[in-house]
Structures are given as structure tokens and as C-alpha cells.
Amino acid sequence: MTRVAVIGAGVVGLAAARALARRGITCVIFEQGAPGGGQSAGESRIFRHAHDDRRQFELAVRARRGWVEWEREFGVQLISGDGAMVIGSRAVARLQRYADEPVCQVRELSGGQISEALPILAEYEGPALIDEGAGAIRTRLTIAGLIGSPGPELMPERVESVIPRPQGGVEVICESGTGSFDAAIVAAGAGTGHLASRAGISIPSSTQAHMRLTLPVSGESAPSRLACLQDSSDAFGESIAYGSPVRGNREYAVGLAISVEADPERPAPDSLADVADRTRAYVERAMPGLDCGGAVSFQRWVTELPWAADGLAIWQRDDAYFIAGHNLFKLAPALGETLADCVQDGSVVPGFRPADRLGEPMLEAR
Ligand SMILES: Cc1cc2nc3c(=O)[nH]c(=O)nc-3n(C[C@H](O)[C@H](O)[C@H](O)COP(=O)(O)OP(=O)(O)OC[C@H]3O[C@@H](n4cnc5c(N)ncnc54)[C@H](O)[C@@H]3O)c2cc1C
């Protein structure tokens with residue numbers, strides 16, 4: 001294996017290219033827009049260990065080690081040390097399952113400790129836990145660090161097709177011409193399904209519009225601690241809300257885990273405006289420490305697989321590999337290594353095949 005094409009310079013494609021380059025494999029990344037400008041855009045994502053599927057917890061543990069390695073290499077902290085707090089019985093039960101895992105450093109929080117961890121939150125009296133090993137991912141610093149990683153060449157081109165050759169190798173077709181490679185990784189986010197279908201693979205992902213609000217934290221100075229939040233409590237009128245700090249705790253991004261069926265080629269549907277209104281109403285009830293007047297909305301397309309909100313899988317056609325799923329940012333260091341393993345082994349790493357339905361809660365005991 002000497003030359004690999006990676007389609008997509010989002011966090012997953014960049015992580016895969018970095019992993020390949022470190023193994024001495026020449027790598028060309030094709031990107032149609034700004035690197036990190038697709039689903040990986042914006043400030044801040046949540047890193048959490050807790051997943052419904054234990055296999056994904058193990059993947060998150062591997063990824064966390066990778067984040068530490070990236071931090072060392074890029075010389076910058078990429079995951080905040082403020083932890084991720086969960087409130088509400090469903091989120092608490094999910095994290096509770098990992099309470100004995102030393103990497104999570106799970107602690108129960110009482111009233112005063114809740115407002116210490118997240119001072120912008122309204123009074124809350126229900127069950128709360130914190131994963132001290134989790135935190136907010138500094139997304140822009142991550143993308144910048146990966147782009148600066150030595151090795152891969154970046155080609156500012158839109159790929160029209162990826163054609164695997166049954167006799168081996170892959171042709172990558174762009175407007176400016178066709179290139180031959182030993183293998184290809186397609187990590188094109190919302191564009192992966194289209195490229196897969198041109199290679200004869202049907203990925204059952206749905207493209208959905210997702211939005212969140214970013215709001216200034218009230219007061220003169222930024223709080224010294226702002227944990228991420230997952231709220232399944234309904235105490236503030238929503239049972240699937242999340243939040244994470246932005247810009248050195250001066251702002252907080254808040255969203256509802258609701259995505260709206262939509263076509264990326266068309267304007268966002270009205271139902272997305274309803275989600276924005278619901279998010280604002282949630283913030284008014286739940287987070288008196290945020291200034292709703294300064295809310296800015298952020299919208300992107302996300303791709304979800306049918307078996308789980310956190311579902312992910314890798315499809316193979318000969319020497320071409322296609323990755324699809326949701327909430328991949330936190331897992332990127334491990335996914336990059338996994339994709340590089342697939343290319344080197346010539347097959348999808350067991351556990352990541354579509355039939356494995358990674359992320360599906362029902363199969364966690366396997
Ligand atoms: C608002 C929001 C909040 C989120 N919160 C979290 C969170 O808290 N935790 C978490 O882990 N994840 C979260 N996610 C999901 C996470 O951000 C994505 O799963 C992840 O960024 C996907 O990265 P990617 O590299 O696969 O795709 P992308 O970042 O979309 O990268 C794909 C790239 O491929 C390029 N491309 C597409 N088609 C072509 C083509 N034909 N030719 C050339 N280039 C092409 C695109 O321009 C793009 O840059 C969130 C997502 C959103 C939108």
C-alpha cells in the first residue's frame with residue numbers, strides 16, 4: 001500500500017490521513033470546500049464516555065487516549081477539564097453504568113455541587129452525575145492541528161465519483177481529471193451517501209438539519225468552570241437537551257437532540273425555526289445565567305443511521321471504504337486509526353461492519 005485518497009477534510013478524514021501518514025503511507029485529501037467547514041464546523045463539541053452500546057464506550061476510551069496524544073503533538077489543550085454533567089434519569093442511568101470505570105471519574109453531585117459545575121443552570125434538585133474525564137472539545141484548534149500534521153497533501157477539489165477496480169485500486173474522478181490510488185477512504189459527511197451510491201453501495205443514512213444556539217454568558221467575567229450538560233430530566237420542559245462551553249467559557253452552545261428531515265439542496269424547512277424557538281424557550285427556563293438576547297443560531301446537516309442516534313459503520317467496496325454515522329467528532333482519533341487499519345488489512349475491522357450495528361443499545365451485551 002503506497003498511495004491512498006481520502007475524500008473529505010472534516011475531522012474524520014483528517015484523522016484518517018494523519019494515521020496513514022504516520023504509517024508511512026502517502027495520502028492525498030480531496031476537499032470541495034474549506035477544511036473543517038462541513039459537519040465538523042463551529043466551535044465546541046461534547047466528548048463523553050457514556051454510550052448506550054458498551055462497544056462504543058470502549059471506542060470512546062480509545063479515542064480519549066488519542067486526544068491526549070493529539071494534545072501533546074499539537075501543543076494545546078483540546079478537551080476542557082470541566083467534565084460533562086448529566087441530569088435526568090435516562091442520562092444518569094447511562095453514565096451510572098460506567099461509574100466503576102476509572103477513566104470516567106464519575107461523581108454524584110448535590111445541589112451546591114451542581115451549580116459549582118455549571119453556574120449558569122437554574123436550580124435543579126433531581127439526580128445528577130458528572131464524568132470528570134469528559135469535557136468540551138475545542139473543535140477549531142483540533143482541525144487546525146490536524147491540517148498542520150505533516151504528510152498528507154490537500155487537493156481543493158470536488159470528487160465526482162470513487163470507482164473501485166475489481167482487480168485492485170481505486171479511481172478518483174474530479175472535474176480536473178482522474179487519479180489512480182491503491183485505496184480510498186470516503187469520509188465526506190453528508191456527501192458520503194452520494195459517493196457510495198455511485199460506487200454501488202446503498203448506505204441507509206438520513207440527512208437531517210440540526211441547529212443549536214450559542215449565547216453569551218451573563219456577567220463581567222467568564223466563570224472558571226462550565227461543564228458540558230446532557231439533560232434528559234424534563235425539569236425545564238425538554239427531555240433531550242445538551243450544552244457545551246465556547247470561547248473560554250464566555251459563551252455556551254445549547255441544542256435539543258432533535259434533527260429535522262431535510263434536503264441539503266433546499267432551504268431549511270420551517271420546522272427548524274420551531275426547533276430554534278423551543279431551544280430559546282428551554283434556555284430561558286433552564287439557564288438564567290445566559291443572555292438570550294445575544295443568541296446566535298448555527299445550523300448544519302447531520303447524517304444518522306437508522307439503528308441508533310450514535311450509530312456508525314464502515315462500508316467496503318473492494319479497496320474503497322465509506323464511513324457514515326453521527327456524533328463522530330469525539331471518536332475521531334480512534335476512527336482515524338480504524339480507517340487506516342481497514343486500508344492496511346484490506347477489510348473492514350470487525351465491529352465496524354454495517355451488520356455489527358455499532359451504537360445499537362439492544363446489542364450491547366454481545
Ligand atoms: C450542531 C452539531 C453538534 C454536534 N455535536 C456533537 C457532539 O457534541 N459530539 C460529537 O462527537 N459530535 C457532534 N456532532 C457531530 C460531529 O460534528 C460530526 O459527526 C463530525 O464532525 C463529522 O465529521 P466528518 O469528518 O465525518 O464530516 P464533515 O466534517 O462533514 O467532513 C466531510 C467533508 O467532506 C467534504 N466533501 C463532501 N463531499 C465531497 C466531495 N464530493 N468531494 C470533496 N469533498 C467533499 C465536505 O466539504 C466536508 O468538509 C455535532 C454536529 C453538529 C452539526
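A quick note: this is a predicted structure, and the numbers were derived from the prediction, not measured.

Tallying secondary structure elements over the protein chain gives eight helices and 20 strands in all. The dimensions of the protein chain, computed from C-alpha atoms along their principal axes, are 65 × 45 × 40 Å. Across the 366 residues in the protein chain, those meeting the buried criterion constitute 55%. Here the analysis covers contacts within the protein chain between residues at least 6 apart in sequence; of these, 73% occur between residues at least 24 apart. Of note, the protein chain has its 35 positive side-chain charges centred 3 Å away from the centre of its 46 negative side-chain charges.

Let's shift gears to the sheet that holds strand S1 (residues 3–7). Read across the open sheet, the six strands follow the order S8-S2-S1-S12-S20-S19; overall the sheet is mixed. Sheet topology places strand S8 (153–155) and strand S19 (312–317) at the edges, where each strand pairs with a single neighbour. Pairs of neighbouring strands in the sheet enclose a mean axial angle of 20°, with direction left out of account. Bridging between strand S12 (residues 183–186) and strand S20 (residues 320–325) involves three bridges; their strand directions are parallel. Its bridge partner being in S20, Ala184 is matched across the sheet by Ala320.

What counts, and where the lines are drawn
- Residues numbered from 1 in each chain as written.
- Predicted model: local features only at pLDDT ≥ 70, side-chain atom pairs only at ≥ 80, totals over all residues.
- Heavy atoms only, no water.
- Helix = DSSP H or I, 4+ residues; strand = E, 2+ residues; numbered from the N terminus.
- Buried < 20%, exposed > 50% of the residue type's maximum accessible area, 1.4 Å probe, protein only.
- Contact = heavy atoms within 4.5 Å.
- Lys, Arg positive; Asp, Glu negative; His and termini not counted.
- Charge placed at Lys NZ, Arg CZ, Asp CG, Glu CD.
- Pairing = 2+ DSSP bridges.
- Axes fitted to C-alpha atoms, helices over the stretch in contact; angles between N-to-C directions.

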